[in-house]
Amino acid sequence: MIRGIDVSSHQSSFSTDGVSFVFIKATEGRSYVNPRLAAHTKRARDAGCVVGFYHFLWPGNLAAQAAYFVSKAPEKAGDILAVDWETTGNGTHASNAEKDTFIREVKRLRPHNRVVLYCNRNFWLNIDTTSYAGDGLWIADYVSAGKPRIQAKWRFHQYDDSPLDKNVADFASRTALREWATL
């Protein structure tokens, strides 16, 4: 397994020491763009990390959200795109069908990038009904790194959120991840 982090506008800076990949929040809904997106992307790329971008999904207007996400997330071969499927600030969440539709639309708009699903263990076990995760599952479960409490095949595991989100990926090396990510 290799180590990585995910960051949002809450992190003004971050260390890439010992990190092979960085997921960066790009957008949310149809109006929010991470004001630190360019700086975070530069830092991750300068460190030679595999880079991913995620969109925090809201219910409704899925085609518009997908178009907004891909218009704001940098487009580079080998980058990974992710949908962050969880409860919104107002207590709602996109339905399982909406999650599936969004992933398919992002894959249609960006056919040369891998698209993965991020969700927590509760969503995966109790809200998801299709097990559709695009090109891979990124599961949040705060237990030992690489040991999420699910039966499904996963690609990324977020195992800690203090002082920032820490992840591992089920790849032997950064090179193996980069090869997988490059379609």
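Residues numbered from 1 in each chain as written. Predicted model: local features only at pLDDT ≥ 70, side-chain atom pairs only at ≥ 80, totals over all residues. Heavy atoms only, no water.

Q: Where do I start with the nonpolar core in this structure?
A: Soluble globular proteins: nonpolar side chains tend toward being buried together. Formed by 39 residues in total, the largest nonpolar core has its most connected members in Val22, Phe53, Leu117 and Leu137. The element contributing the most residues to this core is helix H2 (residues 62–72), with 4 residues. Not counting residues up to four positions away in its chain, the partners in contact with Leu137 are Leu117, Cys119, Trp124, Ile150, Ala152, Lys153, Trp154, Arg155 and Phe156. Counting residues in hydrophobic clusters, the runner-up holds 17 residues, among them Phe21, Tyr54, Phe156 and Phe171. (Core = buried A, V, L, I, M, F, W, Y, C linked by side-chain atoms within 4.5 Å. Buried < 20%, exposed > 50% of the residue type's maximum accessible area, 1.4 Å probe, protein only. Helix = DSSP H or I, 4+ residues; strand = E, 2+ residues; numbered from the N terminus. Contact = heavy atoms within 4.5 Å.)

Q: What exactly am I supposed to notice about the packing of aromatic side chains here?
A: The description of an aromatic ring pair rests on the distance of the ring centres and on the angle between the ring planes. Evaluation of the coordinates by the stated rule reveals 12 aromatic pairs. With a centroid separation of 6.3 Å and 65 degrees between ring planes, the pair formed by Phe156 and Trp180 is classed as edge-to-face. Here Phe156, found in strand E8 (residues 156–160), pairs with Trp180, found in helix H5 (residues 174–181); they are 24 residues apart in sequence, far enough to count as distant. Assigned by exposure class, Phe156 and Trp180 land together as buried. Here Phe171 and Trp180 contribute two aromatic rings whose centre-to-centre distance is 5.4 Å and whose plane-to-plane angle is 50 degrees, an arrangement assigned as tilted. Accessibility classification places Phe171 together with Trp180 in one group, the buried group. Feature note: the residues Phe21, Phe23, Tyr54, Tyr118, Trp138, Phe156, Phe171 and Trp180 constitute an aromatic cluster, connected by ring pairs. Here Arg104 stacks its cationic end above the ring of Tyr132, 4.0 Å away from the centre of that ring. (Phe/Tyr/Trp six-rings, centres within 6.5 Å; stacked < 30°, edge-to-face > 60°. Lys NZ or Arg CZ within 6 Å of the ring centre and 35° of its normal.)

Q: Just checking my understanding: could you explain the pairing of E8 for this structure?
A: Consecutive side chains of a regular strand alternate in pointing toward one face of the sheet and then the other. For E8, the buried fraction is high: 4 of the 5 residues fall into the buried class. When strand E7 (residues 137–140) meets E8, the two strands line up parallel, connected through 3 bridges. The partner of Ala140 across the bridge, within E8, is Gln158. Summarising the sheet, E8 and strand E9 (residues 165–169) pair through 4 bridges and their orientation is antiparallel. Considered in E9, the bridge of Gln158 is made with Asn167. Linking E8 back to E9 in an antiparallel pair, the connection comprises 4 residues. (Pairing = 2+ DSSP bridges.)

Q: Any chance you could explain helix H1 (residues 37–46) here in plain terms?
A: Along an α-helix, residues three or four apart share an orientation, since each turn contains 3.6 residues. Within the span of H1, buried status applies to Leu37, His40, Thr41 and Ala44. Seen end-on, H1 carries its buried residues on one side only, within an arc spanning 100 degrees. Facing away from the buried surface of H1 by more than 90 degrees, the exposed residues are Ala38, Ala39, Lys42 and Asp46. As for H1, its buried residues are in contact with strand E1 (2–7), strand E2 (21–28), strand E3 (32–33), strand E4 (50–56) and H2. Directly after H1, the chain includes Gly48, whose backbone phi takes a positive value near 80 degrees. (Arc of directions from axis to C-beta.)

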